[in-house]
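Per-entry structural report
Take a look at the letters that make up each chain.
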Amino acid sequence: MRLPEPCGPLSEGVVETLRAQPVGPHAVPEPRAMGDVTYPLTDRDFQLALWILYELHYRGFDDVEDPRAEWDPLLMVSRAALERTYEHAVRELVAETPQDAPALEDLGDTPAEQVTAALVRMTARSGPSDVAQFLHRRASREEFRSYLAERAVYHLRESDPQSFVLPRIGGAAKVALAELQYDEYGGGRADRLHQTLFARALASLEMPTDLAPYVAQATGATLASVNLMSLFALNRRLRGAAMGHLAAFEATSSLPCERILRGARRLGLPEAVQDYYDEHVEADAVHEQVAIRGICAALVEDEPDLAPDVVLGATACLAVDGLAGEVLLESWRSRRDAPVAG
Amino acid sequence: MSERRVVVTDCPGGPLLVRGADEVVGVDGTSAAVERAVVAVCRCGRSERMPWCDDSHRDRRRRKKP
Ligand code: FES
């Protein structure tokens with residue numbers, strides 16, 4: 001994959017730096033631009049800059065010549081600055097999210113019980129999302145494709161962020177996370193790797209199977225939802241939030257996947273598209289239990305101080321992904337309302 | 001090699017997680033092959049993918065009429 005086209009001063013700073021200097025240390029991209037970011041959660045330039053810096057830790061870019069860019073100290077400074085702003089915005093969003101849940105202490109006797117109850121409660125409230133309902137009943141083929149394109153930024157890298165957490169936790173929580181990841185990674189079968197299942201779904205619709213074209217058009221909110229996982233997974237101090245995020249993600253996946261599957265059937269989309277969502281109905285019903293009871297409960301039993309972070313990560317997942325969903329729905333709405341040209 | 005064990009874990013309000021099984025036999029005698037390391041077996045009776053849990057236990061609107 002090649003570096004994406006920048007779309008503002010922040011992503012331009014990062015891209016120019018990575019392109020211009022074949023070897024590090026790289027200059028810190030223009031810090032002034034950061035002051036212009038008013039709402040990082042949907043700011044595409046901001047999120048793209050952060051996404052590019054994170055990508056150096058995943059598969060990287062063909063046109064970044066210096067393999068050491070990943071750990072370049074000055075790029076780390078840039079990443080840390082972007083992360084600080086992003087984390088602050090996420091915490092603010094979480095604080096604004098209406099909490100009708102009782103305090104953790106009132107939800108059970110042990111941290112494990114409390115966290116389990118909080119996660120179950122928090123995810124029970126959300127029925128199938130508006131996006132899933134739209135895809136189920138109303139979406140056109142084109143709209144369905146645009147959904148796949150938007151989600152490709154995550155699904156082509158599905159579950160990779162959480163793998164960074166494995167060495168950061170221990171005992172039963174580690175075992176449970178490994179078990180969940182094993183399933184995500186195909187359960188020993190390369191052809192069942194979830195990333196591959198998604199690529200196959202894209203290919204069946206004659207859509208590209210590499211990430212670059214999707215990153216090029218993804219909204220700021222979509223990049224934010226992917227960056228959130230990297231933020232939590234790549235910072236050891238946020239490991240609790242990473243696992244809370246995973247639990248909320250899995251627990252709100254099965255029912256929507258069923259809806260999306262029905263939408264795909266309604267539209268007569270190819271088998272490979274149906275297969276991806278079909279796989280996730282059952283898989284995520286399992287993963288939800290493993291993530292809540294296996295990973296999160298065991299994690300806070302081991303490290304009780306992480307309980308509030310687990311809840312933070314779960315709340316952040318629902319809020320940020322909710323935001324990305326709203327942006328997507330809004331784009332469908334406005335396109336449907338737009339007067340037909342000509 | 002250690003001896004293989006089948007382990008069943010209770011998830012209150014949800015399914016039973018089963019590890020290490022080869023098949024699950026439904027009340028009507030039909031057998032479903034276990035194709036993943038862990039499976040969730042429905043206990044609420046509302047799944048549309050019996051014997052597997054499809055998360056319907058958390059969808060309050062999909063409760064089957066008695
Ligand atoms: S226990 Fe989950 S659907 Fe029945």
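These lines cover the structure that appears in this document, whether it is placed above or below.

Conventions we followed
- Residues numbered from 1 in each chain as written.
- Chains lettered and ligands numbered in written order.
- Predicted model: local features only at pLDDT ≥ 70, side-chain atom pairs only at ≥ 80, totals over all residues.
- Heavy atoms only, no water.
- Helix = DSSP H or I, 4+ residues; strand = E, 2+ residues; numbered from the N terminus.
- Buried < 20%, exposed > 50% of the residue type's maximum accessible area, 1.4 Å probe, protein only.
- Contact = heavy atoms within 4.5 Å.
- Areas by Shrake-Rupley, 256 points an atom, 1.4 Å probe, with all protein chains shown as cover.
- Buried area = accessible area lost by both parts, 1.4 Å probe.
- Salt bridge = Lys/Arg side-chain N within 4 Å of Asp/Glu carboxyl O.
- Polar contact = N/O pair within 3.5 Å; in protein donor to acceptor, adjacent residues only side chain to side chain.
- Nonpolar A, V, L, I, M, F, W, Y, C, P; charged D, E, K, R; others polar.
- Phe/Tyr/Trp six-rings, centres within 6.5 Å; stacked < 30°, edge-to-face > 60°.
- 1 Å grid on protein atoms, 1.4 Å probe; cavity = no way out; pocket = protein on both sides within 12 Å on 5 of 7 lines; lining within 4 Å.
- Points joined across faces, edges and corners; volume = space filled by probe spheres on them.

**What to know about the overall build of chain B**
Each helix and strand counted, chain B has 0 helices and 5 strands in total. Starting at the N terminus and walking to the C terminus, you meet the elements of chain B as β-β-β-β-β. Considering chain B as a whole, with its 66 residues, one finds that 42% of them fall into the buried category. Across chain B, contacts joining residues at least 24 apart in sequence account for 17% of those joining residues at least 6 apart. Carbon together with sulfur atoms contributes 52% to the accessible area of chain B, which is approximately 4,500 Å² in total.

**Quick notes on the interface of chain B and chain A**
Contact with chain B, which involves 23 residues of that partner, is made by 26 residues of chain A. Looking only at chain B, the three residues that lose the most surface to chain A are R36(B), R49(B) and R58(B), adding up to 37% of its buried area. Scanning the region where chain B abuts chain A turns up 8 salt bridges. Taking the shortest distance from any N to any O, the salt bridge between E179(A) and R19(B) comes out at 2.6 Å. Our count for the contact surface shared by chain B and chain A stands at 10 residue pairs in polar contact (both at pLDDT 80 or more). Counting only elements with at least two residues in the side of chain B that touches chain A, the list comes to β2 (16-19) and β5 (38-41) of chain B. Ranked by residue count, the leading element in the side of chain B that touches chain A is β5(B), at 3 residues. For the side of chain B that touches chain A, the per-class residue count stands at 10 nonpolar, 2 polar and 11 charged.

**A look at the packing of aromatic side chains**
All names here are of chain A. Enumeration according to the criterion identifies 7 aromatic pairs over all chains in this entry. Ring geometry for Y154 and F249: centres 5.5 Å apart, planes at 65 degrees, overall edge-to-face. A residue pair is termed long-range when its members are at least 10 positions apart, and Y154 in helix α6 (residues 141-155) and F249 in helix α12 (residues 239-251) qualify at 95 residues. This pair shows no difference in class: Y154 is buried, exactly as F249 is. Summarising the aromatic geometry, the rings of Y276 and Y277 are spaced 4.9 Å apart at their centres and angled 85 degrees between planes, so their arrangement reads as edge-to-face. On the basis of relative accessibility, which here comes to 2%, the residue Y277 falls in the buried class. An aromatic cluster is present here, built from F198, Y276 and Y277 joined pairwise through their rings.

**Some details on the layout of surface pockets**
If a probe the size of a water molecule is rolled over the atoms, the empty space left behind becomes visible. Considered as a void within the structure, the largest pocket measures approximately 1,200 Å³ in volume. If you go around the largest pocket, you meet 49 residues; those closest to its centre are S129(A), T252(A), L318(A), D321(A) and G322(A). When contributions to the lining of the largest pocket are tallied by element, the ones reaching two or more residues are α5 (130-137), α6, α8 (171-184), α11 (220-234), α12, α13 (254-266), α14 (271-302) and α15 (307-337) of chain A. Of all the elements, α15(A) adds the most residues to the lining of the largest pocket, at 12 residues. For the lining of the largest pocket, the class distribution of residues is 22 nonpolar, 17 polar and 10 charged. Of the volumes computed, that of the second largest pocket is approximately 460 Å³. Around the second largest pocket, the lining is made up of 22 residues, and of these R192(A), E279(A), E282(A), E35(B) and R36(B) lie nearest the centre. Tallying contributions element by element places α14(A) first for the lining of the second largest pocket, with 6 residues. Considering only residue class, the lining of the second largest pocket consists of 9 nonpolar, 3 polar and 10 charged.

Note that every value here comes from positions in space, so none of it alone points to a role or purpose.
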